[in-house]
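# Notes for the structure review
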Amino acid sequence: MRKPLRKAVLPVAGLGTRFLPATKATAKEMLPVVDKPLIQYAIEEARAAGIEQFCMVTGRGKTALVEHFDVAYELEATLRERDKTDALAALKGTQTEPGSIVTVRQQVPLGLGHAIWCARAFIGDDPFAILLPDDLVLSDTPCLRQLADAYMETGGNVVAVTEVPREHTNRYGILATGKDDGRLVEVKGLVEKPAPKDAPSNLSIIGRYVLMPEVIGHLAKMERGAGNEVQLTDGMAKLIGHQPFHGLRYEGRRFDCGDKIGYLEAQIAFALKRPELADAVRAFLKTYS
Ligand code: UTP
């Protein structure tokens, strides 16, 4: 019997330096794709995977992320008074079960591994998901749902993986692979941001994970890795050989919204999926070719 997956950690304490000045006074995860902030895509995806409890790892200047999922009494009352039913309906996805979102403060952004360790009391002894909201996945089945299903199949740790150009391995966590059936691949090793010549493969982890709570014990050692940060990849690598560990080639297209080009591409791809926008977007795109 697998322990059910009910918890998700959303690390949102990064500085977002690649998006300055936009991220000077607002969180990167509040940037919208079309009309919805990145954080809401992540929470909706997690809900669709059966997640009931959320922990945001936040830092200074990130209060809007929490406010976004609160009740906005004045706004809602005004919209009701003015019969703005469409606008009221647009707020639906921001409603959450009372008490289902907790926050912890990272205080100093010492790396993703450190951010996850900050959620240790929330995680306790349970398996948990991680969603990096700046990775957005457009897919028929939500990406975390695919991972949760794979976890029920294999048990242990499952991370979403995708092939990247070899010259980009120094941007990602990269797998050393074992048995591979084309969908699920056994993880034999993990390296954070290897130079292309040292990369054991070109299979990279994206920002969706299902992990076992034992990773926290390894992160607690606070060993610094690539970029002098406490790397989640290094903590996960310590689990290999002790617990099942698989990569899942998910169905879907990932957009790295922490990067300007990925973010711009996501705007177009998500707008083209919206029936009320698609034709107009296609028409204006033609004028730029
Ligand atoms: P990034 O590597 O994208 O870093 O973090 P960043 O600070 O957000 O952005 P840049 O590179 O300066 O532009 C990946 C994810 O991990 C979180 C970020 O919020 C993001 O969701 N993170 C990163 C933390 O929560 N704490 C950290 O110390 C580092």
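As a starting point, this report considers the structure included with it. Small disclaimer: the values here were computed from a predicted structure and weren't measured.

Looking now at the packing of helix H10 (residues 260-272) against helix H11 (residues 275-286). Here H10 crosses H11 at 135°, and the two axes come no closer than 8 Å. One finds that H10 runs oblique with respect to H11. From H10, Ile268, Ala271 and Leu272 reach across to H11, where they touch Leu277, Ala278, Val281, Arg282 and Leu285. For the contact of H10 with H11, the class distribution of residues is seven nonpolar, no polar and one charged.

Before going further, it helps to examine the packing of aromatic side chains. A ring pair, where both rings are aromatic, is described by two values, the distance of the centres and the angle of the planes. Applying the stated criterion across every chain yields a total of four aromatic pairs. Between Phe19 and Tyr263, the ring centres sit 5.3 Å apart and the planes meet at 80°, which makes this aromatic pair edge-to-face. Here Tyr263 lies in helix H10 and Phe19 lies in the loop between strand E1 (7-11) and strand E2 (32-33), a separation of 244 residues in the sequence. For Phe19, a relative accessible area of 10% corresponds to the buried category. Note on Phe284 and Tyr288: the rings are 6.3 Å apart at their centroids and 80° apart in plane angle, and the pair reads as edge-to-face. Overall, the relative accessible area of 66% leaves Tyr288 in the exposed class. Here the aromatic residues Tyr41, Phe255 and Phe270 are joined through ring pairs into a cluster of three or more. Note that Lys7 overlies the ring of Phe122, its terminal NZ or CZ placed 5.5 Å from the centroid.

What follows deals with helix H1 (residues 38-48). Within H1, eight of the 11 residues are buried, which leaves it mostly tucked inside the rest of the structure. Turning to H1, its buried residues are Leu38, Ile39, Gln40, Tyr41, Ala42, Ile43, Glu45 and Ala46. One or two positions beyond H1, positive phi appears at Gly50, with a value near 90°.

Time to look at the site of the ligand. In the vicinity of the ligand, 18 residues are found, and the nearest of them are Thr17, Arg18, Lys28, Gln106 and Gly111. The backbone of Arg18 places a nitrogen or oxygen atom 2.7 Å from an oxygen atom of the ligand. Gly111 places a main-chain nitrogen or oxygen 2.8 Å from an oxygen atom of the ligand. Here the ligand, which alone exposes 570 Å², has 82% of that area covered by the protein. Most atoms of the ligand, that is more than half of them, are within 2 Å of grid points of the largest pocket.

Once that is clear, we can look at the layout of surface pockets. Counted as a void, the largest pocket has a volume near 1400 Å³. Only helix H5 (112-117), strand E8 (157-163), strand E11 (203-211), helix H9 (232-237), strand E13 (253-256) and H10 provide two or more residues apiece to the lining of the largest pocket. Along the lines of polarity and charge, the residues of the lining of the largest pocket split into 19 nonpolar, 13 polar and 15 charged. As a volume, the second largest pocket reaches approximately 300 Å³. Lining the second largest pocket are 21 residues; nearest its centre among them are Ala13, Gly14, Leu15, Arg60 and Lys62. Class assignment for the residues of the lining of the second largest pocket results in seven nonpolar, 10 polar and four charged.

Conventions we followed
Residues numbered from 1 in each chain as written. Predicted model: local features only at pLDDT ≥ 70, side-chain atom pairs only at ≥ 80, totals over all residues. Heavy atoms only, no water. Axes fitted to C-alpha atoms, helices over the stretch in contact; angles between N-to-C directions. Helix = DSSP H or I, 4+ residues; strand = E, 2+ residues; numbered from the N terminus. Parallel < 35°, antiparallel > 145°, perpendicular 65-115°, else oblique. Contact = heavy atoms within 4.5 Å. Nonpolar A, V, L, I, M, F, W, Y, C, P; charged D, E, K, R; others polar. Phe/Tyr/Trp six-rings, centres within 6.5 Å; stacked < 30°, edge-to-face > 60°. Buried < 20%, exposed > 50% of the residue type's maximum accessible area, 1.4 Å probe, protein only. Lys NZ or Arg CZ within 6 Å of the ring centre and 35° of its normal. Near = heavy atom within 4 Å. Polar contact = N/O pair within 3.5 Å; in protein donor to acceptor, adjacent residues only side chain to side chain. Areas by Shrake-Rupley, 256 points an atom, 1.4 Å probe, with all protein chains shown as cover. 1 Å grid on protein atoms, 1.4 Å probe; cavity = no way out; pocket = protein on both sides within 12 Å on 5 of 7 lines; lining within 4 Å. Sits in = over half its atoms within 2 Å of the grid points. Points joined across faces, edges and corners; volume = space filled by probe spheres on them.

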